[in-house]
Amino acid sequence: MFKQTFYILLCAVMAFNLSACSTSGDSASQNSASLVQDGSQGLGSDVPMGVDSDGAVTVGDPNAQYQTQFGGPAALRENNTIYFNYDSDQIQDQYIGVMQAHAQYLRDNPDSRIIIEGHTDERGTPEYNIALGERRARSVARYMQNLGVDINQLSIVSYGEEKPLDPGHSEAAWAKNRRAVINY
């Protein structure tokens, strides 16, 4: 049942990604036009989701004015990355404290917003990596929600393999690229 649901979701994301790539025109109007209502993965039906012109899957409005008004506390900005195992979106125990600190700050500051970026290493197809990056970002968002963070404070974007932290082609480089980054 899980595999069937996963493959249906993956096919839907790939089809949506391909249709977004075939459009032309102003990228700002494309981003607005490509936003759709989506209630998958517990993010709620009132959260817009779309595919940006660079192929990144976005949930929420990354261009919203509030996200440029607040930089977040320096201590949280310095410890804002959650790393993942190969081909996994499961949060490792060592990153629970990082997410709890961010969640506490967001609960204490309800006007603050974050964007959670999902990233992968270079292995896998671009479509698969976009979907995996999205699953990683959603995993962090779900955990934040479980810690009491309001869903309206969370946006996600998946860059897949497009923004590597380390451009190398070794396991050490790939481990640095399998991540979710919390940005204020």
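Being a predicted model, the structure only gives us computed values, none of them experimental.

Some points on the environment of Tyr184
- Inspection of the secondary structure puts Tyr184 in the segment after β7 (179-183).
- Separated by 108 residues in sequence, Tyr184 and Leu76 have C-alpha atoms that sit 9.2 Å apart.
- At 2.8 Å, the side chain of Tyr184 and the side chain of His102 are in polar contact.

Regarding the pattern of salt bridges
- A complete count under the given rule lists 7 salt bridges for this structure.
- Glu171 is the salt-bridge partner of Arg123, the closest N and O atoms lying 3.8 Å from each other. Taken as a pair, Arg123 in the loop between β5 (114-119) and α5 (126-146) and Glu171 in helix α6 (residues 171-177) lie far apart in primary sequence, 48 residues in all.
- The closest approach of N and O atoms between Glu171 and Arg178, which form a salt bridge, is 3.1 Å.
- By relative accessible area, Glu171 is classed as partly exposed at 43%.
- Its relative accessible area of 6% is what places Arg178 among the buried residues.
- Connected via shared salt-bridge partners are Asp121, Arg123, Glu171 and Arg178.

Points about the packing of aromatic side chains
- Across all of its chains, the model carries 2 aromatic pairs by this definition.
- Ring plane angle 55° and centroid distance 6.2 Å describe the contact between Tyr83 and Tyr95, whose orientation is recorded as tilted. With Tyr83 in strand β4 (residues 81-83) and Tyr95 in the loop between β4 and α4 (96-108), this residue pair connects regions lying 12 residues apart in the sequence.
- When its relative accessible area of 25% is taken as the criterion, Tyr83 is described as partly exposed.
- Seen from their ring centres, Tyr105 and Tyr184 are 5.8 Å apart, and the 85° between their planes marks the pair as edge-to-face. With Tyr105 in helix α4 and Tyr184 in the segment after β7, this pair connects stretches of sequence that are 79 residues apart.
- Of the residues examined, Tyr105 reaches a relative accessible area of 18% and is grouped as buried.

Reading the values: rules and limits
Residues numbered from 1 in each chain as written. Predicted model: local features only at pLDDT ≥ 70, side-chain atom pairs only at ≥ 80, totals over all residues. Heavy atoms only, no water. Helix = DSSP H or I, 4+ residues; strand = E, 2+ residues; numbered from the N terminus. Polar contact = N/O pair within 3.5 Å; in protein donor to acceptor, adjacent residues only side chain to side chain. Salt bridge = Lys/Arg side-chain N within 4 Å of Asp/Glu carboxyl O. Buried < 20%, exposed > 50% of the residue type's maximum accessible area, 1.4 Å probe, protein only. Phe/Tyr/Trp six-rings, centres within 6.5 Å; stacked < 30°, edge-to-face > 60°.

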